[in-house]
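Per-entry structural report
One-letter residues, chain by chain:
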Amino acid sequence: MIISPGRRFIFVHIPKTGGTALSLALEARAMKDDILIGDTPKAKRRRGRLKRLDARGRLWKHSTLADIEGVLPPDVEAECLVFTLVRNPWDRMVSYYHWLCAQTFDHPAVTLARSSDFGGFVGHPQTRAAFTAMPFGAYVRGSDGAERGAVFLRLEHLDEDIAPVEAHLGFALTPLPVANRSDRTAGHRAHYTAQTRALVAELCAEDIARFGYAF
């Protein structure tokens with residue numbers, strides 16, 4: 001996540017949507033008072049600043065708008081352009097699974113992925129609950145449950161969707177370099193059976209309908 005009081009924007013980083021690449025592009029032009037939250041190089045160097053912030057929730061790479069309430073004065077936050085990246089849910093699920101399989105830190109999702117095949121991971125109650133609870137829009141809701149008027153950038157159509165963000169910033173961000181790629185073969189369709197394809201369609205029905213995604 002990046003919060004820029006100077007440029008009046010908030011970038012909300014939804015997991016496994018290509019957000020690391022966009023974060024790197026944004027932090028390359030960061031202002032001195034920008035709040036960088038994550039594991040990119042400049043964010044790590046500024047991590048000590050986070051202790052001085054009075055946030056409603058947890059400040060981490062994938063904070064939601066509700067989490068960061070209190071970081072900015074309400075009138076300043078209201079003026080900010082909020083934007084985030086979204087991704088084809090079937091592709092995102094494959095990327096998420098393979099990324100988890102390569103991790104070694106202690107987390108229930110890592111443990112599940114490393115002990116399951118892809119079908120077992122997708123069908124597990126833990127995965128089902130996580131994806132059902134957090135559709136893309138949930139990341140840009142305030143503590144009142146209302147969704148902000150955010151700009152959603154589809155990863156697959158980034159060059160088209162990013163125009164209003166670049167106009168607000170006054171500089172170009174694309175083309176983005178690939179960053180934090182999961183270790184898997186290209187393409188997501190080969191990883192699916194009819195059952196797992198249908199299950200992701202069920203879990204992510206809201207996002208699929210909202211953003212026009214197809215398998």
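Residues numbered from 1 in each chain as written. Predicted model: local features only at pLDDT ≥ 70, side-chain atom pairs only at ≥ 80, totals over all residues. Heavy atoms only, no water.

1. A few points about the packing of aromatic side chains
The description of an aromatic ring pair uses the distance of the two centres, along with the angle that the planes make with each other. One pass over the structure, following the stated rule, counts 12 aromatic pairs. For the pair F9 and F83, a centre-to-centre distance of 5.6 Å together with 35° between the ring planes defines the contact as tilted. Note that F9 is positioned in strand 2 (residues 9–12) and F83 in strand 4 (residues 81–86), a separation of 74 residues in sequence. Summarising the burial analysis for this pair, F9 and F83 share the class buried. (Phe/Tyr/Trp six-rings, centres within 6.5 Å; stacked < 30°, edge-to-face > 60°. Helix = DSSP H or I, 4+ residues; strand = E, 2+ residues; numbered from the N terminus. Buried < 20%, exposed > 50% of the residue type's maximum accessible area, 1.4 Å probe, protein only.)

2. Focus on the state of the cysteines
One way to say it: the disulfide is the covalent bond shared by the sulfur atoms of two cysteines. Using the criterion set out here, one finds zero disulfides in the structure. For the unlinked cysteine C101, the closest cysteine sulfur is that of C204, found at 18 Å. (Disulfide = S-S within 2.5 Å.)

3. Regarding the packing of helix 4 (residues 89–101) against helix 10 (residues 194–203)
The contact between helix 4 and helix 10 brings their axes to 10 Å, and the two run at 110°. The angle between helix 4 and helix 10 places the two elements in the roughly perpendicular class. Each of P89, W90 and M93 in helix 4 lies in contact with helix 10, whose residues at this interface are R197, V200, A201 and L203. Of the residues belonging to the contact of helix 4 with helix 10, the class tally is six nonpolar, no polar and one charged. (Axes fitted to C-alpha atoms, helices over the stretch in contact; angles between N-to-C directions. Parallel < 35°, antiparallel > 145°, perpendicular 65-115°, else oblique. Contact = heavy atoms within 4.5 Å. Nonpolar A, V, L, I, M, F, W, Y, C, P; charged D, E, K, R; others polar.)

4. Comments concerning the pattern of salt bridges
Counted by the stated rule, this structure contains eight salt bridges. As a salt-bridge pair, E77 and R148 come within 3.7 Å of each other at their nearest N and O atoms. A residue pair is termed long-range when its members are at least 10 positions apart, and E77 in helix 3 (residues 74–79) and R148 in the loop between helix 7 (125–133) and strand 5 (151–154) qualify at 71 residues. For R148, a relative accessible area of 25% corresponds to the partly exposed category. A salt bridge links D91 to R87; its shortest N-O distance comes to 3.1 Å. For D91, a relative accessible area of 15% gives the class buried. Three or more residues are tied together by salt bridges with common partners; here these are R154, E160 and D161. (Salt bridge = Lys/Arg side-chain N within 4 Å of Asp/Glu carboxyl O.)

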